Amino acid sequence: MNTRRKERYTRTLTTTVSLMLFWGTVAMGAVLTPESIEWRLPGDAAVWMQDNTVLQVNATQPHHTTVDLLNGARMPQFLMTLRVKVLDWAGSPPGIYFYMHRHAGGLQAAALGRDGLRLMGWYGKDEPGTSSVKGGIGYEKGVWLRLKLICRGSNCVAKVWRDGETEPRWQVEHSYAKLKTTAPGLGVWTHPQIASTATVQFADVEILPLTDARLAEQNVPAASLTPLPPEQIPTNSGCFRAGGMVGIRGARLAMAFDPADGRPTTIRDLVSGQEFAAPAALWGLFHLGLRSADHLKLRTLSARDFLKLESTCEPGSDTLTMQFTECLAGDVSVACNVTGGPDGELRFSAETTVKTGEHVASLRYPELPCRPTLAGDGSDDALIIPSHEGVVIHQPGTQQMSRSNVYPEASFAQFAAYYGQTGGLYVAAHDPAGHCKRIHTMCAKGRFVCTAWEHLFPEDGSETAAMPYDIVVDRVEGGDWRHAADRYKAWAKSQPWCAKTLDQRDDIPAFLTDATGILIDGIRNPKGLTQKYGPNMERL
């Protein structure tokens, strides 16, 4: 490489991203500044702009158009910061990638889309990929964003924010089951099946070795949270403060939360002693969806996008309130309540106020990640979810999956339960009016199992939105999904729509009770008719 070309390749990149990879020990290495980084540019797909200070990637081919780091090969631990801007695209929106490790066997990267940032791993078509939940903001055309990534060992954290705004807390975290150390890089992904192009600019890329001092400066949360010891949970029901946490105790379940950001640290079964809470490092208590006034844009905020949390936790009180304010996205506040119910259960409710010109589209709350294994080796663990007619997932902690179902549409009920032999965690929307909601199931192999209710609000432009029902969380007997189903059935039978059978109700129109039904089905032969409907078809 001649001197002129090398100078061309070692200029600044325009994106601020921070990425941290976590290993057991801190590796020392050279500081790579915008002036010293050497890049391998993919032919004419990447060019220097604005006096060689901005790297512009013009992605015209499917899949990944990549820019590789030449003088940072095999960097196991580093802090990366940069800025990025999507100038334009045609066809399908692109994905912007910040590679921690990329090789023939797969890749591990931070992926930025229009709806936020996530950390992901891809290990080839024959193995399941992995992914964090999404966090932060997505890109918009012509808007500079800053990103920061830290890699240390098999664990990474990342964040993204608008250039010129206050830097947020770390927003997403992920641990990788597989790791092969290679050089960091940048890239733009375009759809392989939809003809698409994209133009993306990067700037101010800096890659620093991750020393203990730098790690301390970045204020990365602990890789895991320690639950409260059983002896610190009070014997009486109500709110409490213990071990630096705020919490509330019901008759059969006790919960504690980090007062700094609301993360659940303890979900303890008081009957069996089972601890359900997963030691997840970065997991917000809620995710809030805001829709623009013209209904064209949707952005998602998490509890980690709020800089201030005030907890009202009077010892013995039956309600714990966590008030989230000073949102990085503007004048937004969320009040999360946990109340002891009349039968000893814990009840979650929330209300939010938005004064940004947007309105609340959805609120996913509470998010309670549970341990991947409960009793023993987890072989008897199971998760029941109300997908369609009902699904039982055995050993969910060994699965890598994410699914969602809308109620009342593709969900027959409003409850889920994660259980082992010693006991189970029951989570249900006790919503007699049947409001629209989306029920999420998220399992990350060896890391967590979680179900979460996303409450869908009428998009009427109002500044405030409150959950019109409670999410009930309680302990149930383990070993069988029927224990949780019986719990939900007991509640359902007390509701007007289930307290009586159809023939006992006087609010059912006659055209339904005295109507003639038409059954349409495909029957191949007379035997098939009998096999499917029995010998008394005329009675049916």
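Residues numbered from 1 in each chain as written. Predicted model: local features only at pLDDT ≥ 70, side-chain atom pairs only at ≥ 80, totals over all residues. Heavy atoms only, no water.

1. Points about the overall build of the protein chain
Here is step 1 of the chain: When its secondary structure is counted, the protein chain shows 5 helices and 35 strands.
Here is step 2 of the chain: Of all 540 residues assigned to the protein chain, the portion counted as buried reaches 53%.
Here is step 3 of the chain: Sequence-distant contacts, at least 24 apart, represent 66% of the contacts inside the protein chain between residues at least 6 apart.
Here is step 4 of the chain: Total accessible area computed for the protein chain in this model is approximately 24,200 Å², and 49% of it derives from carbon and sulfur atoms. (Helix = DSSP H or I, 4+ residues; strand = E, 2+ residues; numbered from the N terminus. Buried < 20%, exposed > 50% of the residue type's maximum accessible area, 1.4 Å probe, protein only. Contact = heavy atoms within 4.5 Å. Areas by Shrake-Rupley, 256 points an atom, 1.4 Å probe, with all protein chains shown as cover.)

2. Considering the packing of aromatic side chains
Here is step 1 of the chain: In this structure the tally under the stated criterion is 12 aromatic pairs.
Here is step 2 of the chain: Ring geometry for Phe286 and Phe306: centres 5.8 Å apart, planes at 65 degrees, overall edge-to-face. Placement of the pair is Phe286 in the loop between β19 (264–269) and β20 (287–291) and Phe306 in strand β22 (residues 306–312), with a sequence separation of 20 residues.
Here is step 3 of the chain: The buried category is assigned to Phe286, whose relative accessible area is 0%.
Here is step 4 of the chain: Here Phe306 and Phe324 contribute two aromatic rings whose centre-to-centre distance is 6.1 Å and whose plane-to-plane angle is 70 degrees, an arrangement assigned as edge-to-face. Of this pair, Phe306 sits in strand β22 while Phe324 sits in strand β23 (residues 319–327), placing them 18 residues apart in sequence.
Here is step 5 of the chain: By way of ring pairs, the aromatic residues Phe412, Phe415, Tyr426, Tyr488, Trp491 and Trp497 are connected into one cluster.
Here is step 6 of the chain: If you follow Lys141 out to its NZ or CZ, it ends over the ring of Trp89, 4.7 Å from the centre.
Here is step 7 of the chain: The lysine or arginine in question, Lys159, covers the ring of Trp170, its NZ or CZ lying 4.3 Å from the ring centre. (Phe/Tyr/Trp six-rings, centres within 6.5 Å; stacked < 30°, edge-to-face > 60°. Lys NZ or Arg CZ within 6 Å of the ring centre and 35° of its normal.)

3. Looking at the pattern of salt bridges
Here is step 1 of the chain: As enumerated under the stated definition, the model contains 27 salt bridges in all.
Here is step 2 of the chain: In this structure, the salt-bridge partner of Glu345 is Arg347, at a minimum N-O distance of 2.8 Å.
Here is step 3 of the chain: Counted as one network, the salt bridges with shared partners bring together Arg83, Arg146, Asp163 and Asp204. (Salt bridge = Lys/Arg side-chain N within 4 Å of Asp/Glu carboxyl O.)

4. A few points about the sheet that holds strand β18 (residues 253–257)
Here is step 1 of the chain: One open sheet accounts for 4 strands, arranged β16-β17-β18-β19; its pairing is antiparallel. Edge positions in the sheet fall to β16 (238–242) and β19, since each has one partner strand and no second. Neighbouring strand axes in the sheet, compared pairwise and without regard to direction, differ in orientation by 20 degrees on average.
Here is step 2 of the chain: In this sheet, β18 lies alongside strand β17 (residues 245–249) in antiparallel orientation, the contact comprising 4 bridges. Paired with Arg249 across the two strands is Ala254, which belongs to β18. (Pairing = 2+ DSSP bridges. Axes fitted to C-alpha atoms, helices over the stretch in contact; angles between N-to-C directions.)

5. Section: the sheet that holds strand β26 (residues 359–364)
The strands making up a sheet are joined through hydrogen bonds of the backbone, oriented either antiparallel or parallel.
Here is step 1 of the chain: Here we have 6 strands laid out as an open sheet, ordered β21-β20-β26-β33-β32-β29, and antiparallel in their pairing. Either end of the sheet is taken by a strand with one partner, and the two such strands are β21 (298–302) and β29 (401–407). Strand-to-strand twist of the sheet, defined as the mean angle between neighbouring strand axes without regard to direction, takes the value 20 degrees.
Here is step 2 of the chain: The pairing of β20 with β26 spans 5 bridges and is antiparallel. Looking at the pairing, Arg291 lines up with His359 of β26.

6. As for unusual backbone geometry
Here is step 1 of the chain: A cis amide bond links Tyr365 to the next residue, Pro366, at an omega of -5 degrees.
Here is step 2 of the chain: Mapped onto the secondary structure, Pro366 falls in the loop between β26 and β27 (382–385).
Here is step 3 of the chain: Note that the residue after Tyr407, namely Pro408, is joined by a cis bond; omega there is 0 degrees.
Here is step 4 of the chain: Its location among the elements puts Pro408 in the loop between β29 and β30 (415–419).
Here is step 5 of the chain: Phi is positive for His63, close to 70 degrees, though the residue is something other than glycine.
Here is step 6 of the chain: Turning to its location among the elements, His63 is positioned in strand β5 (residues 63–69).
Here is step 7 of the chain: For His63, a relative accessible area of 44% translates into the label partly exposed.

7. Some thoughts on the nonpolar core
Here is step 1 of the chain: Within the largest apolar cluster, 57 residues are counted, with the highest numbers of intra-cluster contacts made by Phe286, Phe324 and Tyr365.
Here is step 2 of the chain: Once residues within four sequence positions are removed from consideration, Phe286 is found in contact with Leu301, Ser302, Ala303, Phe306, Phe324, Val334, Cys336, Leu363, Arg364, Tyr365 and Glu367.
Here is step 3 of the chain: Counting 40 residues, the second-largest nonpolar core is a separate cluster that includes Leu55, Met80, Ala110 and Cys156. (Core = buried A, V, L, I, M, F, W, Y, C linked by side-chain atoms within 4.5 Å.)

8. Here's the deal with the state of the cysteines
Here is step 1 of the chain: Scanning all chains against the criterion turns up 0 disulfides.
Here is step 2 of the chain: There is no disulfide at Cys156, and the cysteine sulfur nearest it, in Cys151, is 3.7 Å away. (Disulfide = S-S within 2.5 Å.)

9. Observations regarding the pairing of strand β35 (residues 470–476)
Here is step 1 of the chain: The buried fraction of β35 is high, at 6 of 7 residues.
Here is step 2 of the chain: The sheet contact formed by strand β25 (residues 346–354) and β35 spans 3 bridges and is antiparallel. Bridge pairing in β35 places Leu346 opposite Val473.
Here is step 3 of the chain: As defined by bridge partners, strand β31 (residues 424–430) adjoins β35 across 7 bridges and the pair is classed as antiparallel. Residue pairing in the sheet places Val427 in a bridge with Val473 of β35.

10. What about helix α3 (residues 481–492)?
Here is step 1 of the chain: For α3, built from 12 residues, the straight-helix expectation of 16 Å at 1.5 Å per residue is met to within 8% by its first-to-last C-alpha distance of 17 Å.
Here is step 2 of the chain: Among the residues of α3, Ala484, Ala485, Tyr488, Trp491 and Ala492 are the ones counted as buried. All buried residues of α3 fall inside an arc of 120 degrees around its axis, so they share one side.
Here is step 3 of the chain: Looking at the packing, one finds that the buried side of α3 touches β30, β31 and β35. (Expected span 1.5 Å × (residues − 1). Arc of directions from axis to C-beta.)

11. Re the side chain of Arg83
Here is step 1 of the chain: Take Arg83: it is sitting in strand β6 (residues 78–90).
Here is step 2 of the chain: Within the local environment of Arg83, its side chain forms a polar contact with the side chain of Asp163, the two groups lying 3.2 Å apart. (Polar contact = N/O pair within 3.5 Å; in protein donor to acceptor, adjacent residues only side chain to side chain.)

12. Looking at the confidence of the model for the protein chain
Here is step 1 of the chain: Within the protein chain, residue pLDDT values average 85, and 88% of them lie at 70 or more.
Here is step 2 of the chain: Counted against residues more than four places away or in other chains, residues 1–29, with its pLDDT under 50, gives 165 contacts. (pLDDT = per-residue confidence, 0-100.)

13. Details of the side chain of Gln56
Here is step 1 of the chain: Assignment of secondary structure puts Gln56 in strand β4 (residues 54–59).
Here is step 2 of the chain: A polar contact of 3.2 Å, which involves the side chain of Gln56, links it to the side chain of Asn58.
Here is step 3 of the chain: Setting aside chain neighbours within four positions, we find Gln56 in contact with Ala45, Ala46, Val47, Met49, Leu87, Thr199, Val200 and Gln201.

14. Overview of the environment of Gly106
Here is step 1 of the chain: Inspection of the secondary structure puts Gly106 in strand β8 (residues 106–113).
Here is step 2 of the chain: Separated by 23 residues in the primary sequence, Gly106 and Gly129 have C-alpha atoms spaced 9.4 Å apart.
Here is step 3 of the chain: Aside from chain neighbours lying at most four places away, what touches Gly106 is Trp122 and Tyr123.

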